[in-house]
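# Examination of the molecular architecture
Next come the chains, spelled out residue by residue.
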Amino acid sequence: MHTVYNTYTSKPEPAKCKGSIITSELQSSRAMVFAIEEINNSTELLPGIRLGYQIYDSCASVPVAVHVAFQFLNSFDPVFYTDSKCSQSGMVVAVVGDSGSTTSISISRVISSFNVPQVSHFSTCACLSDKQQYPSFFRTIPGDQFQAEALAKLVKHFGWTWIGAVRSDSDYGNYGMASFLEAAQKEGICVEYSVSFHRTYPQSKIQKVADVIRRSTAIVVLALASLGDMRALLEELSREPSPPRQWIGSESWVTNPELMRYSFCAGAIGFGIQKSVIPGLRNFLVDLSPSQVAASDMLTEFWEDAFNCTLKKIPAADKKVCDGTEDIQNLQSQYTDTSQLRITNMVYKAVYAIAHAIHNTVCQGKNATAKCDKLTKLESKQVLTELKKVNFSQNGYDVSFDANGDPVAIYELVNWQKNKSGITEIVTVGLYDASLPAGQEFQINRNITWMDGRMQVPVSVCTGSCPPGTRKVLQKGKPICCYDCTPCTEGEISNTTDSTDCLPCHKEFWPNAKRDTCIPKPVEFLSFQDILGIILATFSVLGACLAIITAAIFFHHRTTPIVRANNSELSFLLLISLTLCFLCSLTFIGAPSDWSCMLRHTSFGITFVLCISCVLGKTIMVLMAFKATLPGSNVMKWFGPPQQRMTVVSFTFIQVLICTIWLLLSPPFPIKNLTTYKEKIILECALGSQIGFWAVLGYLGLLASFCFVLAVLARKLPDNFNEAKLITFSMLIFCAVWITFIPAYVSSPGKFTVVVEIFAILASSFGLIVCIFAPKCFIILFKPEKNTKKYLMNKN
């Protein structure tokens, strides 16, 4: 179209078409004629009734389209004529077209008021599904809403989350892109840019759109554009090629062979209308007599352009006169090419849909038995009503409309592939059927060739996938597809790619090094396999052996003065209790159990009280012995062997009573300590009752302190072998060990708490046995001359 400037002072000139004829549109119009002639010759569909037609050229112009709509509405006679030719004008009962969504919208707004049904073969704008605005509109091609959803699922299917988008600045492009962006958002796809253009724009604007594509970081470019607009954009891009781009095309251009000359688009994929076969169509297209061509302005223009000659008798300046030798059979043109019948089949189906609606209105029965009322007064409203109900199959293709006037959305997935000769071809590589369940719509049955001839799917993402063990953190101010991959925090994992959140592990599990799976926490306790466990167990056994050897030495020399000097019975009982003290430390090593937890603390408390009771008895006996040497003193009769035994038993019984109450009320029990260390489990014994534990230790400390005080008082009593001095040193070591034990025990984590307790037991036990018994054993074994009553009684 050329631009017309109106002065509003005179009647404007009628709009005129400008530019050459589009051969694909000519093929569509001829396919309509072919379908009508098939129907008129049919004995099953509308038998005895002939359909008439009139073809108008809207020139893809709204003013022309509106003018055409008013023109074919101006008819009067609603009667079908059955003679060989429609000699009189009949009322228009249906319209096939238009190709463009914008012009179809304009036509529909005019004719819908008259209930004239309109069946378009190529208008895909989603807006036309709105029955409130376009109640009489139908189409045999799926709407852009279906295509937008299919395109979004296609992008998602190949893992592209960062794409660019261009569109025609028209109803088709703008409504289609709006539908796509909505569907893409649901699929988690981000669009880096979305720009519009039109072939009528100044070249500078189209160049800006091309520059956006060249500078973008998105590898994939989706184009929802008409054929003419796409041609203009690709022409601009061909002047200065962009980096390799993976094109995704809509059905309006991706199946058009005309654009395949742009080799940088090789590898493009997109949805096309199903390729079909219409028997007899090619013969009809090429069977043109000179009279037919001359009678049609469209055919005349096509003929003259195709063969570069003129049908006028006077030759033009640059064209010769057509001489009849032109061979249309071998003409390479979109008009004669029936190998890619896609949109043409939509025209064919539209004509048959209208014919079936008319048949259902004026005829009774189907096939050869149908009887039609040839003089029925037919109204377009009746055809409109029946058109909503049509459901038939033509050439193996089903035709029906839903409540919005849309057909079932079935697309072919096509791919631009170069053959061995380097020529780009349209290859069908799959199918998309919107009627199938979610996730099963795609059927890809051939290898796809991508941009630059690659066989691997190109990657188009703003940020690469976040591996397991990390989570996505959105970058401030950027789309959701742009994010940073942040490692999961301590104690959390993510086991999927592109996880948005990390999940905490169960309290008894801990993440592995990659933080992509939870593994059981290692269980830690002081075992006999640990180095510390082995060392402590070795010292425990050595201590017990030392106590037993000492007892054996004492027993062998039991009649010697140094053994008899301080109640040998208490000495043997002390050695037995020390043996038990050494051995009770073994109960602290190994995995805690109900019995071991109760045994380790009670056995420790009772054996040490028995040990300290023996020491206390020996200390009291030393004091009593020296008191007994004073004139008139008879204290020894009050602290003889029976009283000494009773003292030991009484003191020990009190500890037994404390331990019994502790075990009955709240005994120690094994627990899994999950708080001290996050990455491992500590098996330990809970005290049950803190009061019970500290009562045991407190009573033990009280006895030790009392014993220490008495030993200090007796340390300077005159004698060559005053045992009180040895007891003083042993109690000093004992008290020092257990005083330092308390803060060490409280502050030691995990299994080291047990180590501290065992160390305190062994240290205090070794202190007692060394301080009390080592000097005696030294004299017995190495200084026998001092092991005499005379020496022991020799006072300084």
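In this report, the structure presented in the accompanying data block is examined. Fair warning: this is a prediction, and the values are worked out from it, not measured in the lab. (Residues numbered from 1 in each chain as written. Predicted model: local features only at pLDDT ≥ 70, side-chain atom pairs only at ≥ 80, totals over all residues. Heavy atoms only, no water.)

Looking now at the state of the cysteines. Counted by the stated rule, this structure contains 9 disulfides. Across the disulfide, Cys-363 is cross-linked to Cys-372 (sulfur-sulfur distance 1.8 Å). Between Cys-363 and Cys-372, the disulfide has an S-S torsion of 105° and is therefore right-handed. The pair Cys-363 / Cys-372 is uniform in exposure class, with both members buried. The disulfide partner of Cys-597 is Cys-685, and the S-S distance across this bridge is 1.9 Å. Across the disulfide from Cys-597 to Cys-685, rotation about the S-S bond amounts to roughly -80°, and the bridge is consequently left-handed. On the criterion of sequence distance, the pair formed by Cys-597 in helix 16 (residues 594–628) and Cys-685 in strand 26 (residues 681–686) is long-range, its members being 88 residues apart. Neither residue differs from the other here; Cys-597 and Cys-685 are each classed as buried. Take Cys-545: it sits in no disulfide, and the sulfur closest to it among the cysteines is that of Cys-777, at 15 Å. For Cys-545, a relative accessible area of 35% gives the class partly exposed. Of all cysteine sulfurs in the structure, the one in Cys-581 sits closest to Cys-584, which takes part in no disulfide; the separation is 5.6 Å. (Disulfide = S-S within 2.5 Å. Buried < 20%, exposed > 50% of the residue type's maximum accessible area, 1.4 Å probe, protein only. Helix = DSSP H or I, 4+ residues; strand = E, 2+ residues; numbered from the N terminus.)

Right, let's get into a nonpolar patch on the surface. A grouping of Ile-531, Ile-534, Ile-535, Phe-539 and Leu-542 is seen on the molecular surface, where their side chains present a nonpolar patch of about 480 Å² in accessible area. Structurally, the position occupied by Ile-534 is in helix 13 (residues 531–556). Using a relative accessible area of 40% as the deciding quantity, one classes Ile-534 as partly exposed. (Patch = residues over 30% accessible without salt bridge, like charges linked within 9 Å, V, L, I, M, F, W, Y side chains within 5 Å. Areas by Shrake-Rupley, 256 points an atom, 1.4 Å probe, with all protein chains shown as cover. Salt bridge = Lys/Arg side-chain N within 4 Å of Asp/Glu carboxyl O.)

Before going further, it helps to examine the pattern of salt bridges. Here the structure, examined in full by the defined rule, presents 14 salt bridges. Across the pair Lys-389 and Glu-386 runs a salt bridge, and its minimum N-O distance is 3.9 Å. Lys-389 gets classed as exposed once you look at its relative accessible area, which sits at 56%. On the basis of relative accessible area, Glu-386 is assigned to the buried category, the value being 17%.

Two modes of strand pairing occur in sheets, parallel and antiparallel, and in both the strands are linked by backbone hydrogen bonds. With respect to topology, 3 strands assemble into an open sheet ordered 1-2-3, the strand pairing being parallel. Both outer strands of the open sheet, strand 1 (95–96) and strand 3 (137–139), are each paired with one neighbouring strand and no more. Contacting strand 1, strand 2 (118–120) and strand 3, helix 3 (residues 101–111) runs over the sheet at an angle of about 170° to strand 2. (Pairing = 2+ DSSP bridges. Contact = heavy atoms within 4.5 Å. Axes fitted to C-alpha atoms, helices over the stretch in contact; angles between N-to-C directions.)

To continue, consider unusual backbone geometry. That bond from Gly-97 to Asp-98 is cis: its omega, 0°, falls within 30 degrees of zero. Within the element layout of this structure, Asp-98 appears in the loop between strand 1 and helix 3. The backbone of Asn-308 sits at a positive phi, close to 50°, despite the residue not being glycine. Structurally, Asn-308 is set in the loop between helix 10 (297–307) and strand 9 (309–310). One non-glycine residue, Asp-452, adopts positive backbone phi at about 60°. With respect to the element layout, Asp-452 can be found in the loop between strand 17 (442–444) and strand 18 (470–474). Overall, Asp-452 belongs to the exposed group, its relative accessible area being 56%.

On to empty space enclosed by the protein. Inspection of the entire model under this criterion finds 1 cavity of 30 Å³ or more. A volume near 40 Å³ is recorded for the largest cavity. If you go around the largest cavity, the residues you meet are Phe-525, Leu-526, Phe-588, Gly-590, Pro-592, Arg-600, Leu-683, Glu-684 and Val-754. Looking at side-chain class alone, the lining of the largest cavity contains 6 nonpolar, 1 polar and 2 charged residues. (1 Å grid on protein atoms, 1.4 Å probe; cavity = no way out; pocket = protein on both sides within 12 Å on 5 of 7 lines; lining within 4 Å. Points joined across faces, edges and corners; volume = space filled by probe spheres on them. Nonpolar A, V, L, I, M, F, W, Y, C, P; charged D, E, K, R; others polar.)

This part is about a negative patch on the surface. A surface patch of like charges, here negative, comprises Glu-25, Asp-57, Asp-297 and Glu-301. Positionally, Glu-25 belongs in helix 1 (residues 23–40). (Lys, Arg positive; Asp, Glu negative; His and termini not counted. Charge placed at Lys NZ, Arg CZ, Asp CG, Glu CD.)

One broad rule of soluble globular proteins: the nonpolar side chains tend to lie buried together. Of all hydrophobic cores here, the largest spans 66 residues; its most connected members are Phe-604, Met-731, Phe-734, Trp-738 and Leu-768. Of all elements in the fold, only helix 13, helix 14 (561–564), helix 15 (568–584), helix 16, helix 17 (641–665), helix 18 (690–714), helix 19 (723–747) and helix 20 (751–782) reach the threshold of two or more residues within this core. With 15 residues, helix 20 is the single largest residue contributor to this core. Apart from residues no more than four positions distant in its own chain, Phe-734 is found in contact with Phe-608, Ile-612, Leu-700, Ala-704, Ser-764 and Leu-768. Within the second largest apolar cluster, 53 residues are counted, among which are Cys-309, Leu-341, Ile-354 and Leu-384. (Core = buried A, V, L, I, M, F, W, Y, C linked by side-chain atoms within 4.5 Å.)

Take it as geometry only, folks, not as evidence of what the structure does.
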